[in-house]
Amino acid sequence: NAGVTQTPKFQVLKTGQSMTLQCAQDMNHNSMYWYRQDPGMGLRLIYYSASEGTTDKGEVPNGYNVSRLNKREFSLRLESAAPSQTSVYFCASDRRRTDTQYFGPGTRLTVL
Amino acid sequence: GENVEQHPSTLSVQEGDSAVIKCTYSDSASNYFPWYKQELGKGPQLIIDIRSNVGEKKDQRIAVTLNKTAKHFSLHITETQPEDSAVYFCAASRGSARQLTFGSGTQLTVLP
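About the criteria used
Residues numbered from 1 in each chain as written. Chains lettered and ligands numbered in written order. Predicted model: local features only at pLDDT ≥ 70, side-chain atom pairs only at ≥ 80, totals over all residues. Heavy atoms only, no water. Helix = DSSP H or I, 4+ residues; strand = E, 2+ residues; numbered from the N terminus. Rg over C-alpha atoms; globule rule 2.2 N^0.38 Å. Areas by Shrake-Rupley, 256 points an atom, 1.4 Å probe, with all protein chains shown as cover. Lys, Arg positive; Asp, Glu negative; His and termini not counted. Charge placed at Lys NZ, Arg CZ, Asp CG, Glu CD. Pairing = 2+ DSSP bridges. Axes fitted to C-alpha atoms, helices over the stretch in contact; angles between N-to-C directions. Buried < 20%, exposed > 50% of the residue type's maximum accessible area, 1.4 Å probe, protein only. Salt bridge = Lys/Arg side-chain N within 4 Å of Asp/Glu carboxyl O. Contact = heavy atoms within 4.5 Å. Buried area = accessible area lost by both parts, 1.4 Å probe. Polar contact = N/O pair within 3.5 Å; in protein donor to acceptor, adjacent residues only side chain to side chain. Nonpolar A, V, L, I, M, F, W, Y, C, P; charged D, E, K, R; others polar. Core = buried A, V, L, I, M, F, W, Y, C linked by side-chain atoms within 4.5 Å.

Participant: Even after reading the chapter, I still don't get the overall build of chain A, so can you show me in this structure?
Facilitator: What chain A contains, in helices and strands, is zero helices and eleven strands. Across chain A, helices and strands are ordered from the amino to the carboxyl terminus as β-β-β-β-β-β-β-β-β-β-β. Its C-alpha atoms give chain A a radius of gyration of 13 Å, within 12% of the compact-globule value 13 Å for 112 residues. When the backbone C-alpha atoms are referred to their principal axes, chain A occupies close to 35 × 25 × 25 Å. As presented, chain A carries roughly 5,300 Å² of accessible surface, and 47% of it is formed by carbon and sulfur atoms. Within chain A, one finds 13 positive and 9 negative side-chain charges whose respective centroids are separated by 3 Å.

Participant: Sorry, what's going on with the sheet that holds strand S8 (residues 72-77) of chain B here?
Facilitator: The strands that make up a sheet are held in pairs by hydrogen bonds between backbone atoms, and each pair lies either parallel or antiparallel. All names here are of chain B. Spatially, the five strands line up as an open sheet ordered S1-S3-S8-S7-S6, and their pairing is antiparallel. Every interior strand has two partners, whereas the edge strands, strand S1 (4-7) and strand S6 (56-59), have only one. Between one strand axis and the next, the sheet turns through 15° on average, direction left out of account. Bridge count between S1 and strand S3 (residues 19-25): four bridges; the pairing is antiparallel. Paired with His7 across the strands is Lys22, a residue of S3.

Participant: I tried to follow the pairing of strand S4 (residues 32-38) of chain B on my own but got confused; where do I start?
Facilitator: As a general feature of sheets, a regular strand has side chains that alternate between the two faces. Residue and element names in this part refer to chain B. With seven of its seven residues buried, S4 lies for the most part within the structure. In S4, alternate side chains face the same way, and those of Tyr32, Pro34, Tyr36 and Gln38 on one face and Phe33, Trp35 and Lys37 on the other are all buried. Hairpin connection from S4 to strand S5 (residues 45-51): six residues lie between these consecutive antiparallel strands, with Gly41 at a positive phi of about 80°.

Participant: Explain the pattern of salt bridges here, please?
Facilitator: Close approach of charged atoms allows side chains of opposite charge to pair. Summed over the entire model, instances satisfying the criterion amount to eight salt bridges over all chains. With a closest N to O distance of 2.9 Å, Arg36 of chain A and Asp38 of chain A form a salt bridge. Residue classification places Asp38 of chain A among the buried residues on the basis of a relative accessible area of 10%. A salt bridge links Asp49 of chain B to Lys57 of chain B, with the nearest nitrogen and oxygen atoms 2.9 Å apart. Given the relative accessible area of 36%, Lys57 of chain B is considered partly exposed. Linked by salt bridges that have partners in common, Arg36, Asp38 and Arg44 of chain A make up one network.

Participant: Looking at this structure, I do not really get the interface of chain B and chain A. What am I missing?
Facilitator: Accessible area lost when the parts come together is the quantity often used to give the size of an interface. Listed as interface residues are 22 residues of chain B and, on the opposing side, 21 residues of chain A. Summed over both sides, the interface of chain B with chain A buries roughly 1,600 Å², with 55% coming from carbon and sulfur. At the junction of chain B with chain A, the criterion picks out two residue pairs in polar contact (both at pLDDT 80 or more). Broken down by secondary-structure element, the contributors of at least two residues to the side of chain B that touches chain A are S4 and S5 of chain B. By residue class, the composition of the side of chain B that touches chain A is eight nonpolar, nine polar and five charged.

Participant: Looking at this structure, how should I read the nonpolar core?
Facilitator: The biggest cluster of nonpolar side chains holds 24 residues, and the ones touching the most others in it are Trp35, Phe73, Leu75, Tyr88 and Leu108 of chain B. If you list the elements that add at least two residues to this core, you get strand S2 (10-14), S3, S4, S5, strand S7 (62-67), S8, strand S9 (86-92) and strand S11 (106-111) of chain B.

Participant: What should I look at first to understand the sheet that holds strand S3 (residues 19-25) of chain A in this one?
Facilitator: Residue and element names in this part refer to chain A. The four strands are arranged S1-S3-S8-S7 in an open sheet whose pairing can be described as antiparallel. Only two strands of the sheet have a single neighbouring strand rather than two, namely strand S1 (4-7) and strand S7 (65-68). Pairwise comparison of adjacent strand axes, ignoring direction, gives a mean angle of 15° for this sheet.

As structure tokens, then:
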């Protein structure tokens, strides 16, 4: 039981490049989330998926797209990366609303 | 939307002393308040949570108190140990909502 896994762990992009961050969970959770963490600002929700087939915007969705590929996988795509998207990205999942959210180890992204 | 403020941003204590971290929230409809611990290079991990129908909850050396009237909640760690050194985040959510709003974090350092 690996919990929540994320790939890659580190990534460096140039402005304008695109990439997809991958997230998978093996806990049979219904809901999945993408957060970004910036110094002194805690974690901010980008997008979430309450269940397979649904996605909703969080607090900071601009510049991102998501896909809930199946119950296990939830990906985050940056179509045209900007330096303001330099951050640490965390994926999380939970069984239902207000249950414990389990976080992955994070992806550290730098956009030059 | 919800706003969560967390204080202090940094806290240093001697090993064996107690540590207290405080958070306030703005949305009176919030009813779930988790605390997360984040060690360097890792994702946040839930350490304790409390729901609005409870005023206090303890788990060994960790306790959380909630004052719904004043809209604030606190984390108390007793008999601190060096392994308690980490960043701690508070968060809040409403039962009808699908997202946590996080505080900005507290860097706790336990000095040997």
